[in-house]
Amino acid sequence: TGLTTCAREAPEDYIREFRRMDAGARNRAGNELIRFDADEVVPLLIEAAGSEWLTVRFEVMKMLGRFKDPRGVPAVIRGLDDRSPRVAAMAAVAVGMLRAPEALPALLMYSHDPSPEVRQYVIAALGPCHSYAREPALSDSAYSVVWRSLQASTPEVRIAALQSLREFGYRDAAEQIAAMAHDPSAEVRHVVVQALGEIAAAKGPEAVPADSTGPDPI
């Protein structure tokens, strides 16, 4: 049964709700959890990240991303190796939300994952996680993977690459992005138009920075 009492439940009660198959109930539990202090919830989420329940692991990855607490970084990096592609993809989303340079080795490893969904979100996370201050060589590797992914066979991966390039300040990519204005996918073309607008707006006295923290992904 769901949580129907008026009294505020303990965080553990909401985490138990993640076992339910009803996605709406899990979302409601997550929205209640985010109202707690991170110190009350994040350690419990880290513990629950090893749950045998697929739905629990999925929701835990999502919540660790929402909390944006650095303590969750090791758990979401481990989540990239989850046997469920759905959980691994959500772990990649969480890693990107946490903007964790320490996740770059794992992200680069999974950038060729056989699951298109995992690959898409891993590529999208490479931009937010790069840091030339902390991981210059790995950030160069990330840039190369993102650049190559502009020519991926699936539109979702091409969009993820465009989103990641935004975090690199679209460095040296204007010509390549302009060529994508005729992409067969309408969704890709839409993101390309946004990217070209941002590139044009950034052109001025100073060059676009190579290590842009940038806004949140599109």
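Remember, predicted model here, so these are calculated numbers, not experimental data. (Residues numbered from 1 in each chain as written. Predicted model: local features only at pLDDT ≥ 70, side-chain atom pairs only at ≥ 80, totals over all residues. Heavy atoms only, no water.)

Moving on: helix H3 (residues 38-48). Taken together, the buried positions of H3 are occupied by Ala38, Val41, Val42, Leu44, Leu45 and Ala48. On the buried face of H3, the contacting elements are helix H1 (11-17), helix H2 (23-33) and helix H4 (54-67). (Buried < 20%, exposed > 50% of the residue type's maximum accessible area, 1.4 Å probe, protein only. Helix = DSSP H or I, 4+ residues; strand = E, 2+ residues; numbered from the N terminus. Contact = heavy atoms within 4.5 Å.)

Attention shifts here to H4. Taking 1.5 Å as the rise per residue, H4 with 14 residues should run 20 Å; its terminal C-alpha atoms sit 20 Å apart, in good agreement. Summarising burial for H4: eleven of the 14 residues are buried, a large majority. All of the buried residues in H4 are Thr55, Val56, Arg57, Phe58, Glu59, Val60, Met61, Met63, Leu64, Gly65 and Phe67. Looking at the packing, one finds that the buried side of H4 touches H2, H3, helix H5 (73-79) and helix H6 (85-98). (Expected span 1.5 Å × (residues − 1).)

Turning our attention to the environment of Ser185. Within the secondary structure, Ser185 is located in the loop between helix H11 (174-179) and helix H12 (186-202). Discounting chain neighbours no more than four positions away, the residues touching Ser185 are Pro155 and Arg158. Separated by 3.1 Å, the side chains of Ser185 and Glu187 make a polar contact. Within the local environment of Ser185, its side chain forms a polar contact with the backbone nitrogen of Val188, the two atoms lying 3.2 Å apart. (Polar contact = N/O pair within 3.5 Å; in protein donor to acceptor, adjacent residues only side chain to side chain.)

Right, let's get into the nonpolar core. Counting residues in hydrophobic clusters, the biggest one holds 69 residues, and the most contacted among them are Phe18, Leu33, Leu45, Val60, Leu107, Leu126 and Ile177. In terms of residue count, H6 provides more of this core than any other element does, nine residues in total. Setting aside residues no more than four positions away along its own chain, Phe18 makes contact with Arg26, Ala29, Gly30, Leu33, Leu45, Thr55, Val56, Glu59, Val60 and Met63. (Core = buried A, V, L, I, M, F, W, Y, C linked by side-chain atoms within 4.5 Å.)

Further remarks concern the side chain of Gln120. Mapping Gln120 onto the fold places it in helix H8 (residues 116-129). Judged by its relative accessible area of 19%, Gln120 is buried. With residues up to four places along the chain from it excluded, the contact list for Gln120 reads Glu156, Val157 and Ala160.

A complete count under the given rule lists 13 salt bridges for this structure. Across the pair Arg16 and Asp13 runs a salt bridge, and its minimum N-O distance is 2.4 Å. A residue pair is termed a helical-turn pair when its members lie 3 or 4 positions apart in one helix, as Arg16 and Asp13 do in helix H1 at three residues. A salt bridge links Arg158 to Asp183; the shortest N-O distance between them is 2.8 Å. With Arg158 in helix H10 (residues 155-167) and Asp183 in the loop between H11 and H12, the pair connects residues that are 25 residues apart, well separated along the chain. Residue Arg158 shares its accessibility class with Asp183, and that shared class is buried. (Salt bridge = Lys/Arg side-chain N within 4 Å of Asp/Glu carboxyl O.)

With that out of the way, let us pick up the packing of H10 against H12. Direction vectors running N to C along H10 and H12 enclose 15°, while the axes themselves pass 9 Å from each other. In terms of their interaxial angle, H10 and H12 are classed as roughly parallel. The way H10 lies across H12 gives a crossing that is left-handed. On the side of H10, the interface is formed by Pro155, Arg158, Ile159, Leu162 and Arg166, while H12 contributes Glu187, Val188, Val191, Val192 and Glu198. (Axes fitted to C-alpha atoms, helices over the stretch in contact; angles between N-to-C directions. Parallel < 35°, antiparallel > 145°, perpendicular 65-115°, else oblique. Left-handed = near helix turned anticlockwise from the far one by under 90°.)

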